[in-house]
Each structure stands twice: as structure tokens, then as C-alpha cells.
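Structural description and commentary
One-letter residues, chain by chain:
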Amino acid sequence: MNSASVLEINESALAYNLAYFKAKLNKNTKLLVVVKAFSYGSDAVLISEILQKNKVDYLAVAYANEGIALRNAGIKLPIIVLHPQINNLALLVKYYLEPNIYSFNVFTEFIKIIQQTNLSEYPIHLKFNTGLNRLGFSINDVKKIILLIEKYKTLKVTSVFSHLAASEDLNEKEFTLTQINSFKKIKLEIENLLDYKPIFHILNTSGIVNYTKYQFDMVRLGIGLYGFANDKKTTDKLKNVLSLKSVISQIHILEKGNSIGYNRAFKATKKTKTATIAIGHADGINRKLGNGNFEVLINNKKASIIGNVCMDMIMVDVTEITCKEGDQVIIFDSQKSIHSIANKLETIPYELLTMISQRVKRVVV
Ligand SMILES: *Cc1c(COP(=O)(O)O)cnc(C)c1O
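Here is what the cut-offs are and how they apply
- Residues numbered from 1 in each chain as written.
- Predicted model: local features only at pLDDT ≥ 70, side-chain atom pairs only at ≥ 80, totals over all residues.
- Heavy atoms only, no water.
- Helix = DSSP H or I, 4+ residues; strand = E, 2+ residues; numbered from the N terminus.
- Buried < 20%, exposed > 50% of the residue type's maximum accessible area, 1.4 Å probe, protein only.
- Lys, Arg positive; Asp, Glu negative; His and termini not counted.
- Salt bridge = Lys/Arg side-chain N within 4 Å of Asp/Glu carboxyl O.
- Polar contact = N/O pair within 3.5 Å; in protein donor to acceptor, adjacent residues only side chain to side chain.
- Contact = heavy atoms within 4.5 Å.
- Axes fitted to C-alpha atoms, helices over the stretch in contact; angles between N-to-C directions.
- Parallel < 35°, antiparallel > 145°, perpendicular 65-115°, else oblique.
- Nonpolar A, V, L, I, M, F, W, Y, C, P; charged D, E, K, R; others polar.
- Core = buried A, V, L, I, M, F, W, Y, C linked by side-chain atoms within 4.5 Å.
- Domains from an automatic or database assignment.
- Near = heavy atom within 4 Å.
- Areas by Shrake-Rupley, 256 points an atom, 1.4 Å probe, with all protein chains shown as cover.
- Right-handed = clockwise from strand over helix to strand, strands pointing away.
- Pairing = 2+ DSSP bridges.

Among the secondary structure elements, Arg362 is positioned in strand E18 (residues 360-364). Despite its burial, Arg362 pairs with no opposite charge, the nearest such side chain being Asp43 at 5.3 Å. In this structure the side chain of Arg362 is engaged in a polar contact, spanning 2.7 Å, whose partner is the backbone oxygen of Gly41. Within the local environment of Arg362, its side chain forms a polar contact with the backbone oxygen of Ser42, the two atoms lying 2.6 Å apart. Those residues within four positions of Arg362 in sequence are excluded, and the remaining contacts are Leu7, Ile9, Gly41, Ser42, Asp43, Leu46, Ile356 and Ser357.

Structure representation (C-alpha cells):
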């Protein structure tokens, strides 16, 4: 654990964003929050504890082990495993996690596993592919699926869902509406064949923002919880939740001609004061941010990374900054600063946040 570097989770900002999205929903629409990948690189347990307190309806993770970690931490909310693997379906059942059934392969294996138990009406979620072409059944599979469900009373279709490919891109509106229409057809067919009513859902964060009226019975909030909506106008209305901070470990003075760091990548052309910061590429500071490509904030002033990013440290130029060893360093603390790093790395906040390594301590503030 790198206890010098901290990823702060701002609980009141998170509650604010949650309330913002809730306010967009009809009174009866349920809210699922996706806490996969350590809750978008933060901390799935800490976030889920806050969500449990705030009474969201559902959580979702990608893999069974992520759900098990939540159960072991005492999270009682229902948890969907979005991408279950056949080799740990039994483990998933042991922790009462709810699989997304997306193929006949997973389906038949899961039926076998449930039949070896004395469980009944085990909750499952059916995923349909409406155009993302990643995971999911086809609309043509509905009859066959329902026959299997009726045959094995051991399973209960708690929800039926699909995922949008381009909900953030209004140029793809026509395509998105085609996906939504296919989903409506699937919904009708299932409602006709099944003698109870599952929860239907298709919207992710950008879907909630751009296609609010297609919220069906539930929505799946992900990146929006942290203050990002893939849309500037909405992002501006949200609050930033995650801040990455570190400290100055040591100050050095370079004389003209001295170099700093590996490969002597920076050579001082004048007397230069530098600060060594306790965060490096093993913590999630991409090496592309070295050599002048990124500035951290120290005492409200910008300090540029000089030389190469090391595994555990970066060195920054603090010639013009009044600072001392032990002072706080801000890597990011706003949506703007997160966007700016993501842009520099030609990526999106989703990837940037999930790159913060588990070595960085997480705290709720
Ligand atoms: C990750 C994920 C989400 C959340 O998406 P955001 O864009 O972060 O809101 C919703 N549904 C599924 C199936 C996902 O995999």
C-alpha cells in the first residue's frame, strides 16, 4: 500500500450525483448502480456501503469475484454479475449473486448447477443483444429461453436487459432508437410468454441523460455517479467525487547541467528546485505524462513533471513554488482535471479512473 498517495471519495458529492440522476427518473423506476472494476477504479466496498445507505435497488459487477468481495464486506443488496464465467457459476450461487445469462452455453451450465441444489426461483437476468454485438441472446431465442425457464421452475427471470452502443453520441440517435425498438419487441414477446413480469432495463448513464423516457423499470448508472455524463452540460451539473492526492517526499536543488531521474531524461539549463512526489506509474501515473506533459498542483501552483515517471515517484519542477517536504500534492480534484489528463492520454475518464492502482489508499471524506 502506498499510504502517501490517497484517492479521496467525496461522499456528499456522490450522494448529490445519485440524487441528480434519481430526480430524472419516474417515481417507480428502480436504480441499479454498476460498481464493476473496483467501482470505476475507486473502491467497490466503500462505494457500495454508501449506496446501501442511500437505498439503491441493485448493484452490478462484471465478474463473480467482485461480487464475492462485496458479500464478504457485508453488502446485502442484490448483485448482478454481468459477465459470469462458466468455471465459477457454483461459487456465484454460494454467495447468492445473480448471473446475467447471455448465452445458451451459460444458461444450460447454470441450470445444471441450480439443479444440484435445493434452491428454487433463483434470480437470473437475461441479456439481449440489440446491436452492441458483445454479449446477449438474439430476439429469435426468446421462445426457446422461455421454454427452458418453464421447464425448470428453479429459475426466476428477475430482469431482462440490453445495452446501448452509443447512448452518448447524438449523431447515432437513429441507431440507438433502433436498439430501443428491438428491446421493446423483446419485452412484448417475453411479457406474452411469461406468466410474471420481470424488470426491464436498457439505459446506462448517457442513456439516462439522452433517452430518459426509455427508462422502462430500471436504469443502470455507472460513470455518472462520479460526476461524468459524457456530455459537458450534464457533467457541469454534477459534482466531482474522486480526488487523487500525494505528498512531497523530498526537495532537491539541481545546478545547471545536473540531470534528474532515469535515463537522465531532464537536464537542468539553470538552477532548478525539484520536488519528489510519492506516486508513480505503479500507482496509475502513465509514463506519457512525464517530461513536461503534465502538471500537478502544489500550494495552488502548477508544477510540471520533469524527466521520466518512475514506478513509485515523479519529480516536478518547483523552482517558482514555495513548498516543503510533506506538503500536499494534487494530481486531480475536479472533472476538468480528470478530463485534461484523459485527453492527454487520448483516453476517456472511464479508463483513466480504472487505471489508478490498488496500491493507492482509498478514503471516504
Ligand atoms: C458498465 C456498464 C454500465 C454502466 O455504464 P456507464 O456508461 O458507466 O453508465 C451499464 N450496463 C452495463 C451492461 C455495463 O457493462
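Per the stated rule, a full pass over the model turns up eleven salt bridges. The residue Lys187 makes a salt bridge to Glu191 at a minimum N-O spacing of 3.1 Å. With a gap of four residues between them, Lys187 and Glu191 both fall in helix H8 (residues 173-193), about one helical turn apart. A relative accessible area of 18% places Lys187 in the buried class. Judged by its relative accessible area of 27%, Glu191 falls in the partly exposed class.

Our focus in this paragraph is the packing of helix H6 (residues 104-115) against helix H7 (residues 142-151). Each pair of packed helices can be described by the angle between their axes along with the distance between the axes. Two numbers describe how H6 lies on H7: the axes approach to 12 Å, and their chain directions differ by 5 degrees. With respect to their mutual orientation, H6 and H7 come out roughly parallel. The segment H6 lies against H7, with Phe104, Phe107 and Ile111 engaging Lys144, Ile145, Leu148 and Ile149. For the contact of H6 with H7, a count of residues per class yields six nonpolar, no polar and one charged.

On to the nonpolar core, then. Leu51, Leu59, Phe107, Phe110, Ile298, Val316 and Phe332 are the most contacted members of the largest nonpolar core, which totals 116 residues. Tallying contributions element by element places H6 first for this core, with seven residues. Taken domain by domain, this core gets at least three of its residues from each of domain 1 (11-228) and domain 2 (242-364). Ignoring sequence-local partners within four residues, the contact set of Val316 consists of Lys273, Thr274, Ala275, Ile277, Val296, Ile298, Ala303, Ser304, Ile305 and Ile306. In terms of nonpolar packing, the next biggest core, distinct from the first, is built from six residues, Leu254, Ala268, Cys310 and Met315 among them.

Taken together, 13 residues surround the ligand, and among them Lys36, Tyr40, Thr205, Arg220 and Tyr350 come closest. One of the side-chain nitrogen or oxygen atoms of Arg220 is found 2.8 Å away from a nitrogen atom of the ligand. Protein contacts shield 94% of the accessible area of the ligand, which totals 390 Å² for the unbound molecule.

This part covers the pairing of strand E5 (residues 98-101). Side-chain alternation along E5 places Glu98 and Asn100 on one buried face and Pro99 and Ile101 on a second face that is also buried. As a crossover connection, the stretch from strand E4 (residues 79-81) through helix H5 (residues 89-94) into E5 is right-handed. Across two bridges, E5 lies against strand E6 (residues 122-127) in parallel orientation. Residue pairing for E6: Ile101 is matched across the bridge by Leu126. Once the chain exits E5 it traverses H6 before rejoining the sheet at E6, and the crossover so formed is right-handed.

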